[in-house]
Amino acid sequence: MEDGEWVLVRHPSEKDSREPTALDSRTSNALKVRFTGPAKDWTDAIPIGSGRLGAMVWGGVASETLNLNEDTLWTGIPRNYTNSDVPEVLSEVRKLVDDGQYVEATTKGVKLLGDPSEVYQLLGDIHLEFDDSHAAYDVETYQRELDLDTATAKVKYSVGEVEFMREHFASNPNQVIVAKISGSKTGSLSFTVAVDSKLHHHSYVNGKNQIIMEGSCPGKRIPPKVNQDDNPKGIQFSAVLDLQISNGVGAIHVLDDKKLRVEGSDWAVMFLVASSSFDGPFTKPVDSKRDPTSECLIALKAIRNFSYADLYARHLEDYQKLFHRVSLHLSKGSKSVRENESSDTKNLLSFATDICLEGSGNGIVSTAERVKSFKADEDPSMVELLFQYGRYLLISCSRPGTQVANLQGIWNNDIEPAWECTPHLNINLEMNYWPSLPCNLPECQEPLFDYISFLSVNGTKTAQVNYKASGWVVHHVSDIWAKTSALQGNPVWALWPLGGAWLCTHLWEHYAYTADKGYLEKKAYPLLEGCTSFLLDWLIEGHGGYLETNPSTSPEHDFIAPDGRTASVSYSSTMDMAIIREVFSAIVTAAGVLGKTEDDLIKRVRKAQPRLYPTKVAGDGSIMEWAQDFKDPEVHHRHLSHLFGLFPGHTITTEKTPDLCNAAAYTLLKRGEDGPGWSTTWKAALWARLRNSKDAYRMIKHLFILVEPDHDIGFEGGLYSNLFAAHPPFQIDANFGFSAAVSEILVQSTMRDLYLLPALPRDKWANGCIKGLKARGDVTVNISWNEGDLQEVSLWSKNQNSVERLHYGGITVPVKMSPGTIYRFDEQLTCVRTYSLEEAGFP
């Protein structure tokens, strides 16, 4: 049994005396994303993923498409991310900033920038063509769904008296995408299958039941166009589709040496494996020794002795070990239900429970319709669904050994995707991993740490050559080749060398949640040291005796300079200083854990800490975004950079800095609620940190806007019909940000304090329970509440003496937890029982 396996941890001898409610009768049916027809657009399709391999299931009837991705397919080759001309330009920019010539500094800052990043590519498509009879399928019988509980996509429909069923899953243990197609009548299944790609490729049949596709990614991004004389060898890839059919019934025929035709079978199972020549960010594809086709054939051979049922069982065991760690159940209170009944509306509690099961026509209410109705019914089970969908997506696109989740996770259907699908380090990549720790998926964060290690290698060269600094540096956009230099473009977003520093806060948070001292010593601390060394060298003597950053920007946001012109480059932006303050605090604390407090580096940090430019309040009462109280040309700007210290940072808190919290609240009100999806969920988390349940919920609700692909409007947020979050277009960060924001509403923690239901919208989620959330100090938290009030909480840690104070509703109690013991508290935070994990059934 995994951490958080029970909704409420009780001693086996105790009886739960609570009255049963609709909440208790809910089944896993609530955790399904449902559709009433085939996908019309890519954002109607169902995403599945093994961590490395991804597919989008459209659910077409006469013709079906599965879009394929493999996470190492990128344009380009390793490059040099240094520029020896930067130091001279840097001195000129700093002089312009010191002289107050911010527009000129911004213009000159372009010369500090580098080359564009590379671009994430797609793998290809599986095409299925069925008999003409399928075009006349019974529309009323059509069902398509993603079951989050099993990570399985299903399509079902009837043609005449025959019911056809398709099941799709992506196996992490075996790294294969599996699709089973079956008909209810023997010999009823016939179709043609082919594999192709938008990339340069060729496909051919291997033997009697395999299709091999071999291709290559461009060696240079497009644009710029590849010149004939400058065409490096890019990443090579292969995909192999293996087709199996029912024994003794039906046949497979080869068509044109490119397609396979199934005739008269009971069922067919397709296995899709893929591989590439990518051999790490420092190896050129031309030098790679990997043979993608051989690797694919070996992968297929490894599963040859597994039946479909075996593969599915292995998939379920692997996936549910992670997914089942956390469950969330929410409902409205009896008071709100009675009010809705009295106004002749639906009983919303019943509606929230049964909407997945009851509907019109074929009995299905699509998830898209539920998103559309959320503004009116505020169905709490939709919050549950979107919360768990974020966890599902993270499990599906980021596993140990994979690449980091990019701007779209792993799911991309374009040669030139929006924003290149690159990792953006000024919020988006970090947000992708916000839910990994509180939502009990620490393993899913491992690719991020591998990526930071790669970045530190190239970043060391960039720091040394570009900035004459020690340590390592990364700017705001990277790619699979661990790009660390500034991006080509506009200084307002490209000139920002704090991307690596923000990533380093994740290194410390991982230790804060897991208490893994070995990880801290061997993995995190060396990276923190390098980052800190760069930050100490990057800081320079500045105004008023403070240490400052110069040049400095507040990501993607301009200001109006004193002369009335618009600029973006100045000094010591609030975000710069907040991130540096966070990194310095982390390494000092980590040094204390590891017995390194007398190291020279730590002594330098301690001297620097009190000299960091402080967070200040502007004349209008908001948090100042820049070191000076510049006018803001766009008060509703999407970024909340100057609130980093509140969330995800920890230097602005309701307990220690109430004045700054008041200013942060006003800042959020000034920014407004509009913006892209990731901005919406960041605002929800920020309001939650302020313990403001009303506005945190307002932002949660604001995300539930159904976006039609043909009419999406940039920067307006919302959700597509498959629950992918919209910028628009699709960016996956808001999906992850939503899960993190909900967890922040329910549980907040420091290494010493645990806050229960700190921002619970009591009138919206009056009844509920959460199991398996994690708090800092390696604490697992289970909570139930009734009519908005805490009912019961259980806490435990397997290996740590954790938590010193427990907080709820103005009550604070001291707590001393011993490892291996479960502590159960009542609504007054009185410990009513303790017992061992063994007694509770934990291994």
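Our subject is the structure that appears above.
A short tour of the structure in this document, coming up.

The rules behind each value
Residues numbered from 1 in each chain as written. Predicted model: local features only at pLDDT ≥ 70, side-chain atom pairs only at ≥ 80, totals over all residues. Heavy atoms only, no water. Helix = DSSP H or I, 4+ residues; strand = E, 2+ residues; numbered from the N terminus. Rg over C-alpha atoms; globule rule 2.2 N^0.38 Å. Buried < 20%, exposed > 50% of the residue type's maximum accessible area, 1.4 Å probe, protein only. Contact = heavy atoms within 4.5 Å. Areas by Shrake-Rupley, 256 points an atom, 1.4 Å probe, with all protein chains shown as cover. Lys, Arg positive; Asp, Glu negative; His and termini not counted. Charge placed at Lys NZ, Arg CZ, Asp CG, Glu CD. Pairing = 2+ DSSP bridges. Axes fitted to C-alpha atoms, helices over the stretch in contact; angles between N-to-C directions. Left-handed = near helix turned anticlockwise from the far one by under 90°. Nonpolar A, V, L, I, M, F, W, Y, C, P; charged D, E, K, R; others polar.

### Things to note about the overall build of the protein chain
In step 1: Looking only at helices and strands, the protein chain has 20 helices and 30 strands in total.
In step 2: Its C-alpha atoms give the protein chain a radius of gyration of 27 Å, within 12% of the compact-globule value 28 Å for 843 residues.
In step 3: A buried classification covers 62% of the 843 residues belonging to the protein chain.
In step 4: Taking as baseline every contact in the protein chain between residues at least 6 positions apart, the subset at least 24 positions apart corresponds to 69%.
In step 5: For the protein chain, the computed accessible surface area is about 30,300 Å², with 48% contributed by carbon and sulfur atoms.
In step 6: Positive and negative charge centroids in the protein chain, built from 82 and 108 side chains respectively, lie 3 Å apart.

### Re unusual backbone geometry
In step 1: At the junction of F647 and P648, the peptide bond is cis and its omega measures out at 10° in the coordinates.
In step 2: Along the chain, P648 falls in the loop between α16 (600–608) and α17 (658–671).
In step 3: The step from H727 to P728 runs through a cis peptide bond, and the omega angle for that step is -20°.
In step 4: Mapped onto the elements, P728 comes out in the loop between α19 (693–702) and α20 (733–746).
In step 5: Not every positive phi belongs to a glycine, and A151 is a case in point at roughly 55°.
In step 6: Mapping A151 onto the fold places it in the loop between β6 (138–147) and β7 (152–159).
In step 7: You can call A151 buried: its relative accessible area is 5%.
In step 8: The backbone phi angle of D256 is positive, close to 55°, even though this residue is not glycine.
In step 9: Relative to the elements of secondary structure, D256 occurs in the loop between β14 (251–255) and β15 (259–265).

### As for the side chain of S568
In step 1: Checked against the element boundaries, S568 lands in the loop between β21 (566–567) and α15 (574–594).
In step 2: With a relative accessible area of 1%, S568 lands in the buried category.
In step 3: The contacts of S568, once residues within four sequence positions are left out, are T106, P491, V492, S552, T553, H557, D558 and F559.

### With respect to the sheet that holds strand β29 (residues 821–825)
In step 1: Strand order in the open sheet formed by six strands is β17-β24-β25-β26-β29-β30, and the pairing between neighbours is antiparallel. Both edges of this open sheet fall to β17 (327–331) and β30 (831–836), since each of them pairs with a single strand only. Across the sheet, the mean angle from the axis of one strand to that of its neighbour is 15°, orientation sign disregarded.
In step 2: Examined bridge by bridge, strand β24 (residues 767–775) and strand β25 (residues 779–786) share six bridges and lie antiparallel to one another. Along β25, the bridge assignment pairs A775 with V779.
In step 3: Set on the sheet, helix α9 (residues 380–397) makes contact with β17 and β24; between it and β17 the angle comes to about 160°.

### A few points about the packing of helix α13 (residues 499–514) against α15
In step 1: Between α13 and α15, the shortest axis-to-axis distance is 9 Å and the interhelical angle comes to 35°. With respect to the hand of their crossing, α13 and α15 are arranged in left-handed fashion. Together, A501, W502, T505, W508 and Y511 of α13 and M575, I579, E582, V583, A586, T589, A590 and V593 of α15 make up the contact between the two elements.
In step 2: Partitioning the contact of α13 with α15 into residue classes produces ten nonpolar, two polar and one charged.

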